[in-house]
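Each chain, written out:
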Amino acid sequence: MNLKEMLLSLSMIMFGGKGGVGKTTCASSSAIWAAEQGRNTLIISTDPAHSLGDSLGVELNPGEPTKVPYLNNLTALEIDPKKNLDQYSHLMNLSSLSSMEIPGMGDGLPIMEELQDLTAMNPPGIDEAFALLKVLEFLETKHDYDLVIFDTAPTGHTLRFLSLPETLSSWIGKLLKIRMKLGGFFGLIKKLFTSEEKREDTSLEVLERLNESIINAREDLKDPLKNSFVIVMISEEMALTETGRLLNELMKYSIPVSNIIVNQLYLEEEELCDFCKARRSMQQRNLMKIEEIFKNKLGKNLIKIPLFREEVREESKLKEFSKFLID
Ligand SMILES: Nc1ncnc2c1ncn2[C@@H]1O[C@H](COP(=O)(O)OP(=O)(O)OP(=O)(O)O)[C@@H](O)[C@H]1O
Ligand SMILES: [Mg+2]
């Protein structure tokens, strides 16, 4: 499937790649195009260093979905890890019980070991884990969007993000197990340590529902009829190796990839200066390798985009950019 077909038929598309290559630009421009075709589109930035609002030329408050004023059918959201952390923090409280002395529970109890295990599992990016949880939960409930586009953070961060459903699922699985084992006793200590409101939220059903959302979302991410990851790269040796690594990782998670965007290419123009000519021949050399590996060997669709004279942001430039993405 090419990008145009994907924008018209899939329900989720993620844009990712190395830092600064044009992920946000490609994601915003694609979202604008899809919305113009009548698809109710939501674009979400999962990069903590947000630039989605700047790209679209719209003021966004983290955590608040905002309608893009110049276009029907387009809503933008920059996720706010802090906000979600608050919402889910009671789940964390549960694991922090392990560091407390609970009367009557000796050292050797398997429950304590599991609780400790659980605390150790809290990854450093737990705030982002909960932000993702929130997004996954949202995707798995009924909503009005035909298409959700993800503008992701640079590679390393995004890969951690994609591995989070596994981490979260096993984390919640453990919580569920502990909840069941502790049963009535847990009810008692819970009363001691949590407020009325939190007590309701940490119910078994909430955890079970969360776990189900994660499992379903994980399946959706792997379904080529629902989701695809679009890699954005530039024509440089380093980008080539990094793209290879990213592709490998995505394959490991069974996330479909069929399109690779090669951005910021110098076109063949008579008036190129010496410097630009040198850049251009460097790009052409790498482009041959990119075509050889990603197109011929791996069968990916390559989308080539020229380097614009100006920064590519806000409505008119992003629309101009989308012509290259689609044609
Ligand atoms: N083809 C292009 N021609 C000219 N400028 C471009 C092109 N593509 C992107 N840009 C510009 O390059 C800059 C970086 O683009 P963008 O923010 O989309 O990259 P990114 O990969 O999202 O970066 P980050 O890793 O920081 O999130 C922006 O100023 C954007 O306008
Ligand atoms: Mg970006």
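So, a few notes on the structure that sits alongside this text. Just so you know, these numbers come straight off a predicted model, no measurement behind them.

Another point: helix α11 (residues 274–297). The end-to-end C-alpha distance of α11, which contains 24 residues, comes to 33 Å, matching closely the 34 Å that a straight helix rising 1.5 Å per residue would cover. Of all the bends in α11, the greatest measures close to 30° and is centred on Glu-291. Just downstream of α11 lies Gly-299, where phi reads positive at about 70°.

Let's shift gears to the nonpolar core. Residues Phe-15 and Leu-56 are the most contacted members of the largest nonpolar core, which totals 68 residues. Of all the elements, helix α2 (residues 23–36) adds the most residues to this core, at seven residues. Once residues lying within four places of it in the same chain are set aside, the contact partners of Leu-56 are Ser-28, Ile-32, Ile-43, Val-68, Tyr-70, Leu-74, Ala-76, Glu-314, Glu-315 and Leu-318. Membership of the second largest hydrophobic core comes to eleven residues, among which are Leu-133, Leu-136, Leu-175 and Ala-217.

With that settled, consider the pattern of salt bridges. Opposite charge on two side chains permits pairing when their charged atoms draw close. By the definition in use, this model includes eleven salt bridges. Across the pair Lys-226 and Asp-220 runs a salt bridge, and its minimum N-O distance is 3.1 Å. Where Glu-315 meets Lys-319, a salt bridge forms, and the shortest distance between an N and an O atom there is 2.8 Å. Here Lys-319 and Glu-315 lie together in helix α12 (residues 314–326), a separation of four residues that amounts to about one turn. By relative accessible area, Lys-319 is classed as partly exposed at 24%.

Cut-offs and rules
- Per chain, residue numbering runs from 1 following the sequence as it is written.
- Note on labels: chains are lettered from A, ligands numbered from 1, in written order.
- This being a predicted model, a pLDDT of at least 70 is required before a residue's local features are given, and a value of 80 or more before pairs of side-chain atoms are given or counted; all residues contribute to the totals for chains, interfaces and linings.
- As a rule here, side-chain values cover all heavy atoms of the structure and leave hydrogens and water aside.
- Under the DSSP-based scheme used, a helix requires at least four consecutive residues in state H or I and a strand at least two consecutive residues in state E, with every element numbered from the N terminus.
- Expected span, for any helix, means 1.5 Å times one less than how many residues it has.
- Here the bend at a residue means the angle between the axes of two seven-residue stretches, the one that ends at it and the one that starts at it.
- By nonpolar core we mean a set of buried residues, namely Ala, Val, Leu, Ile, Met, Phe, Trp, Tyr and Cys, connected to one another through side-chain atoms within 4.5 Å.
- Think of it in three bands: with a 1.4 Å probe and only protein chains considered, a residue is buried below 20% of the maximum accessible area for its type, exposed above 50%, and partly exposed in between.
- Throughout, a contact is declared for two residues whenever any of their heavy atoms are within 4.5 Å.
- Each reported salt bridge corresponds to a side-chain nitrogen of Lys or Arg within 4 Å of a carboxyl oxygen of Asp or Glu.

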